[in-house]
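Residue-level listing of the chains:
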Amino acid sequence: MGAADWCRSSAGAALVLATSSDAEHPAESVADGNSETFWTTTGMFPQEFIIGFPKCVKISKVAIQCYLVRTLRIERSVSKDPVDFEQCIEKDLQHTEGQLQMEEFPLPEFQATYLRFIIKSAFDHFVSVHRVMAEGTAENS
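What this report covers is the structure whose coordinates are included nearby. (Residues numbered from 1 in each chain as written. Predicted model: local features only at pLDDT ≥ 70, side-chain atom pairs only at ≥ 80, totals over all residues. Heavy atoms only, no water.)

### As for the pattern of salt bridges
In this structure the tally under the stated criterion is eleven salt bridges. Salt-bridge contacts for K61 lead to E135; the nearest nitrogen and oxygen are separated by 3.8 Å. Of the two residues, K61 is situated in strand β4 (residues 47-67) and E135 in strand β8 (residues 128-138); the sequence distance between them amounts to 74 residues. Note on E135: relative accessible area 33%, which makes it partly exposed. Across the pair R76 and E86 runs a salt bridge, and its minimum N-O distance is 2.7 Å. Taken together, the positions of R76 in strand β5 (residues 69-77) and E86 in strand β6 (residues 86-92) put the pair ten residues apart, joining distant regions of the chain. Owing to a relative accessible area of 18%, R76 belongs among the buried residues under this scheme. (Salt bridge = Lys/Arg side-chain N within 4 Å of Asp/Glu carboxyl O. Helix = DSSP H or I, 4+ residues; strand = E, 2+ residues; numbered from the N terminus. Buried < 20%, exposed > 50% of the residue type's maximum accessible area, 1.4 Å probe, protein only.)

### Digging into the packing of aromatic side chains
This structure, assessed with the given rule, holds two aromatic pairs. A ring pair is formed by W39 and F49, whose centres lie 5.3 Å apart and whose planes are at 75 degrees; its orientation type is edge-to-face. Residue W39 is located in strand β3 (residues 39-40), and its partner F49 is located in strand β4; the two are separated by ten residues in the primary sequence. The two residues W39 and F49 agree in class, both being buried. Relative to F117, the ring of F49 has its centre 4.9 Å away and its plane inclined at 10 degrees; by these criteria the two rings are stacked. With F49 in strand β4 and F117 in strand β7 (residues 101-122), the pair connects residues that are 68 residues apart, well separated along the chain. On the basis of relative accessible area, F49 is assigned to the buried category, the value being 1%. Overall, F117 belongs to the buried group, its relative accessible area being 0%. Among the aromatic side chains, those forming a connected cluster through ring pairs are W39, F49 and F117. (Phe/Tyr/Trp six-rings, centres within 6.5 Å; stacked < 30°, edge-to-face > 60°.)

### Quick look at the environment of D124
With respect to the secondary-structure elements, D124 resides in the loop between β7 and β8. In this structure D124 comes out as partly exposed when scored by relative accessible area, which is 42%. Put simply, D124 and R70 are 54 residues apart on the chain and 8.9 Å apart in space, counted from C-alpha to C-alpha. If sequence neighbours within four positions are ignored, D124 has contacts with F45 and L68. (Contact = heavy atoms within 4.5 Å.)

In structure tokens form, the structure reads like this:
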């Protein structure tokens, strides 16, 4: 089987935590595969969300479509529960006036059962995350 996007709810991914909630723009929108829907933060930074995979997967690339995010950290866990995270990436993103920030992070392949996305700072009081992607293959279990 070729590489798949494991962050999609249609692939069995589940949003297990989000630090802010908006009824019109729920955090589950980051995993629906649609760039038109989004999660918006409400309040101070940092903000974060955690996506759980249906099984341990080998990730080779992570991507995010967002707006007004200044500093992003991505962490992974291989635990059965969303604990014991270790940092994979931390990056300051470029401000793109009036358009989505689209960032791709090619990675040396690593295993993960959960990914945690931490928005450490922003260019404004609120940010939006439209879509996250984790390209990889299922681990043989």
